[in-house]
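Listed below are the residues making up each chain.
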Amino acid sequence: EFRGREGFRELLSIYTTAFPDMHVTLESMVAEGDLVASHYTIRGTHEGNLMDLPPTGQRAAIPAVIMSRFRDGKLAEEFEVIDSLDLLQQLGAAPPSGEQAPGPGDRLGL
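Remember, it's a predicted structure, so these values are computed and weren't measured experimentally. (Residues numbered from 1 in each chain as written. Predicted model: local features only at pLDDT ≥ 70, side-chain atom pairs only at ≥ 80, totals over all residues. Heavy atoms only, no water.)

> Just checking my understanding: could you explain the overall build of the protein chain for this structure?
The number of helices and strands found in the protein chain is three helices and four strands. Counting from the amino terminus, helix and strand elements in the protein chain follow one another as α-β-β-β-β-α-α. Classification of the 110 residues of the protein chain by burial places 25% in the buried group. Counting only contacts in the protein chain whose residues sit at least 6 apart along the sequence, the fraction spanning at least 24 positions is 41%. When the accessible surface of the protein chain is totalled, it reaches about 7900 Å², and 54% of it is carbon and sulfur. (Helix = DSSP H or I, 4+ residues; strand = E, 2+ residues; numbered from the N terminus. Buried < 20%, exposed > 50% of the residue type's maximum accessible area, 1.4 Å probe, protein only. Contact = heavy atoms within 4.5 Å. Areas by Shrake-Rupley, 256 points an atom, 1.4 Å probe, with all protein chains shown as cover.)

Shown next as structure tokens:
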């Protein structure tokens, strides 16, 4: 879990290392009262380590949403959701939707 400015910097560093050509597109934004919802897409080529996943050279487009709450004109809290499963599927590190991941018995030919 990443918290505060340092946590954001750490998370950003992880993604910019893994996707050095990373580009973020704001798809839509809605505001009501002190809340702002932002839908965006992160795009890039997997050319660096992503946690324990070595580079695949695959291009990826990762959908994400941020809910932000402002107080006195400043960001007070934020909640972000990134579709990590979709990212892993695009990089070939997780089976496509509808397919089951191999289980221990599959390796034994059971």
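Next, the rest of the story.
> Hey, could you run me through the confidence of the model for the protein chain in this one?
Segments scoring low in pLDDT should not have their predicted coordinates read at a detailed level. Taken residue by residue, the protein chain gives an average pLDDT of 88. The fraction at 70 or more is 87%. Confidence, expressed as mean pLDDT per element, reaches its minimum in the protein chain at helix α3 (residues 104-107) with 52 and its maximum at strand β1 (residues 23-32) with 97. (pLDDT = per-residue confidence, 0-100.)

> Help me understand the pairing of β1 in this model?
On a regular strand, each side chain points to the face opposite its neighbour's, so the side chains alternate between the two faces of the sheet. Examined bridge by bridge, β1 and strand β2 (residues 35-45) share nine bridges and lie antiparallel to one another. Bridge pairing in β2 links Thr-25 to Thr-41. The antiparallel pairing of β1 with β2 creates a hairpin that spans two residues between the two strands, and Gly-33 there sits at a positive phi of about 60°. (Pairing = 2+ DSSP bridges.)

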